[in-house]
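# Fold and geometry: a report
Spelled out from the first residue to the last, the chains are:
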Amino acid sequence: NVLALMFAEPARSLFQRTILQSAANYGLSMPTLDDERQRGIDLGRVVGAETLERLREVPADELLEMYTDSFSDHYHSPAIDGQLITESTWEDIQARDFAGHQLMVGTNNAEWLGSVSDDTTVDDVLLAARNNPRIGGDKAIPLIVGEDDPRRAMDRLITADAYLCPSQNVAANRTASGGSAWMYFFSRVREDEAAKAFDAFHGAEYSYVFGVHDDYMTTTATDHKLAATMQKYWINFAATGNPNGAGIPEWPMFKHPDPLVQELGDEIRTVPALEPEMCAAFEEWNDQQK
């Protein structure tokens, strides 16, 4: 959503810096206005409403229940409407000049683990890898054979494909065109059994960014220290376009040929960009699409 707004022609020059937390897919595929209209027509048929007036008479809870049952797999994302958005956001990212913009972007360690089915098998993982040329197809299989749990292997594939590798591409594009980009990797897992089951899941960083640790969370001095540092990074970036400042570990800019990311976990440290083989395959795939 943030990138779609940033690249929307009517919003040109309204945004000078952006923070993308676990952004997914980046508009690699986007619905059109016709697609959305057809889904509205299909919903009318599901609820037995042939006109807009009849659709408005359907109780909200009934409408929501029927919609959820019929369109459970639909992901709500920006659509190419020909007005605000005229082409896919991913195509915009690849074609636009990033000079003058600052970006902070990051990915969590286990973005999809909580959504991977408990009955996922090794065969499921092999099939998922082979059917995905964006992360190398068969070449991705040797990279995940060390995972004892098929669910974690599946999560690595999905996290790399949908979150990590597109994020690295966007960050590299930004610095290559004269802009500035910093990338983080969030790996902190709270110290209780429930947290360990989900690892650093999608959205886990929010409680640290906003300093809100709910009572059901096991929160230690490590968590408070991490939250304080992350808040300084975020505030510095919002204020100056650079996350660095006094009293916090130095965070290097993300740029080739040796891209570095800031790990935000039990320790805060600078590490090489993750999943280099799968992300190299992603870059190769992306170049072939141009």
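The coordinates are above.
Everything in this summary refers to the structure shown in the same document. None of the values given here were measured: they were computed from a predicted structure.

Cut-offs applied
Residues numbered from 1 in each chain as written. Predicted model: local features only at pLDDT ≥ 70, side-chain atom pairs only at ≥ 80, totals over all residues. Heavy atoms only, no water. Helix = DSSP H or I, 4+ residues; strand = E, 2+ residues; numbered from the N terminus. Salt bridge = Lys/Arg side-chain N within 4 Å of Asp/Glu carboxyl O. Core = buried A, V, L, I, M, F, W, Y, C linked by side-chain atoms within 4.5 Å. Buried < 20%, exposed > 50% of the residue type's maximum accessible area, 1.4 Å probe, protein only. Contact = heavy atoms within 4.5 Å. Disulfide = S-S within 2.5 Å. Axes fitted to C-alpha atoms, helices over the stretch in contact; angles between N-to-C directions. Parallel < 35°, antiparallel > 145°, perpendicular 65-115°, else oblique. Left-handed = near helix turned anticlockwise from the far one by under 90°. Nonpolar A, V, L, I, M, F, W, Y, C, P; charged D, E, K, R; others polar.

## What about the environment of Val-122?
Along the chain, Val-122 falls in helix α6 (residues 122-130). Each C-alpha atom of the pair Val-122 and Asp-148 lies 9.7 Å from the other, and the pair is 26 residues apart in sequence.

## Side note on the pattern of salt bridges
Summed over all chains, the structure comprises 15 salt bridges. With a closest N to O distance of 2.6 Å, Asp-266 and Arg-188 form a salt bridge. Of this pair, Asp-266 sits in the loop between β4 (260-264) and β5 (268-272) while Arg-188 is found in the loop between β3 (180-186) and α9 (193-198), placing the two residues 78 residues apart along the sequence. Here Arg-269 ties to Glu-263 by a salt bridge, and the two come within 2.9 Å at their closest N and O atoms.

## What to know about the nonpolar core
In this structure, Tyr-26, Ile-93 and Leu-157 are the most contacted members of the largest nonpolar core, which totals 38 residues. Elements represented by at least two residues in this core include exactly α1 (2-7), α5 (89-95), β2 (102-108), α6, α7 (141-144), α8 (150-176), β3 and α12 (276-289). Looking at this core, the element that brings in the most residues is α8, giving nine residues. Once residues within four sequence positions are removed from consideration, Leu-157 is found in contact with Val-125, Ala-128, Ala-129, Ile-135, Ala-140, Ile-144 and Met-278. Core analysis: the next-biggest nonpolar cluster, separate from the first, contains 17 residues, Phe-186, Val-209, Ala-227 and Leu-264 among them.

## Some thoughts on the state of the cysteines
Taken as a whole and assessed by the stated rule, the structure comprises one disulfide. For Cys-165, the disulfide goes to Cys-279, at an S-S distance of 2.2 Å. Residues Cys-165 and Cys-279 share a disulfide whose torsion about the S-S bond is about -85 degrees; that sign makes it left-handed. Of this pair, Cys-165 sits in helix α8 while Cys-279 sits in helix α12, placing them 114 residues apart in sequence.

## Re unusual backbone geometry
A cis amide bond links His-256 to the next residue, Pro-257, at an omega of 15 degrees. Along the chain, the position of Pro-257 falls in the loop between α11 (221-240) and β4. In the Ramachandran plot, Asp-199 falls in the positive-phi region, its phi being about 60 degrees despite a non-glycine side chain. You will see that Glu-275, though not glycine, has its phi angle at about 45 degrees, which is positive. Considering the arrangement of structural elements, one finds Glu-275 in the loop between β5 and α12. Judged by its relative accessible area of 16%, Glu-275 is buried.

## Concerning the packing of helix α2 (residues 33-47) against helix α4 (residues 60-70)
At a closest axis distance of 10 Å, the pairing of α2 and α4 adopts a crossing angle of 115 degrees. By the angle between their axes, α2 is roughly perpendicular relative to α4. As for how α2 packs across α4, the hand of that crossing is right-handed. Touching Arg-39, Leu-43, Val-46 and Val-47 of α2 are Leu-63, Met-66, Tyr-67 and Ser-70, all from α4. Each residue belonging to the contact of α2 with α4 can be placed in one class, and the counts come to six nonpolar, one polar and one charged.

Nothing here speaks to function; it is geometry throughout.
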